[in-house]
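Residues per chain are reported as follows:
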Amino acid sequence: EIVMTQSPATLSLSPGERATLSCRASQSVGSNLAWYQLKPGQAPRLLIYRASTRATGIPATFSGTGSGTEFTLTISSLQSEDFAVYYCQQYDNWPPWTFGQGTKVEIK
Amino acid sequence: QVQLVESGGGVVQPGESLRLSCAASGFTFSAYGMHWVRQAPGKGLDWVAVISNDGNKKYYEDSVKGRFTISRDNSMKTVYLQMNSLRIEDTAVYYCVKDRWGGNFEYFDYWGQGTLVTVSS
């Protein structure tokens, strides 16, 4: 089973600031990495797939980079609606599909 | 637009059973794989089970193997999760999730809002 590790656990930032979230895989997953956003009471949302491709309707403020074992999700300028919990997921080697433990982006 | 609506959650005692349903709309249901993913209170996301578009391929997370069964009815555009011998550690919000592919599997492109299952004595 591939273990996904995210850092930091919590990111405290102000609106307009840049957020950088990291995700590391225990073995190479190539570019088979997705990012999801979770907000309380809402359906989770796919943000990025294939490590760097934005999903339909996702603004350009979200970008993903990386391959192999190291990945980054960047939110270039935080909007109020971006404060949420973010999860990375590998889909290279399944089952199981595995997620990181999440990074909470909170308002400073 | 794609909609996934879960139902069937509730409060049960350890050892009891529950069946979750997920009604899909807004896409060709019979063409895509479907997953169940859960989130225990205060915890992260855990994948539970997947079924292929035709129902012929099914995979389960180790802790639910032999207790949970995923199935689908393409005529009703519904996917199910039969949960038997429930344990306290099965307490979670259960999400119905659409896979990006059909005969094979990849990432998850649409999620439902979830249904809460509480296992408590």
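Refer to the preceding data block for the structure.
Calculation notes
- Residues numbered from 1 in each chain as written.
- Chains lettered and ligands numbered in written order.
- Predicted model: local features only at pLDDT ≥ 70, side-chain atom pairs only at ≥ 80, totals over all residues.
- Heavy atoms only, no water.
- Disulfide = S-S within 2.5 Å.
- Helix = DSSP H or I, 4+ residues; strand = E, 2+ residues; numbered from the N terminus.
- Buried < 20%, exposed > 50% of the residue type's maximum accessible area, 1.4 Å probe, protein only.
- Salt bridge = Lys/Arg side-chain N within 4 Å of Asp/Glu carboxyl O.

Student: Before we go on, may I ask you to explain the state of the cysteines in this structure?
Tutor: Here a disulfide denotes a covalent bond joining the sulfur atom of one cysteine to the sulfur atom of another. Residues and elements named next belong to chain A. Applying the stated criterion across every chain yields a total of two disulfides over all chains. Here Cys23 connects covalently by a disulfide to Cys88, the sulfurs 2.1 Å from one another. Around the S-S axis, the bridge from Cys23 to Cys88 shows a dihedral of about 75° and counts as right-handed. Residue Cys23 is found in strand S3 (residues 19-25), and its partner Cys88 is found in strand S9 (residues 85-90); the two are separated by 65 residues along the sequence. Across the pair, Cys88 and Cys23 agree in class, each one buried.

Student: It is not clear to me how the pattern of salt bridges should be interpreted in this structure. Could you clarify?
Tutor: Side chains carrying opposite charge are able to pair once their charged atoms draw close together. Counted by the stated rule, this structure contains seven salt bridges over all chains. When the shortest N-O distance is used, the salt bridge between Asp109(B) and Lys98(B) registers 2.8 Å. One end of the pair, Asp109(B), is in strand S10 (residues 108-111); the other, Lys98(B), is in strand S9 (residues 92-99), and 11 residues separate them in sequence. For Lys98(B), a relative accessible area of 4% gives the class buried. As a salt-bridge pair, Arg100(B) and Glu106(B) come within 3.2 Å of each other at their nearest N and O atoms. Residue class for Glu106(B) comes out buried when judged on its relative accessible area of 11%. Connected via shared salt-bridge partners are Arg50(A), Arg100(B) and Glu106(B).

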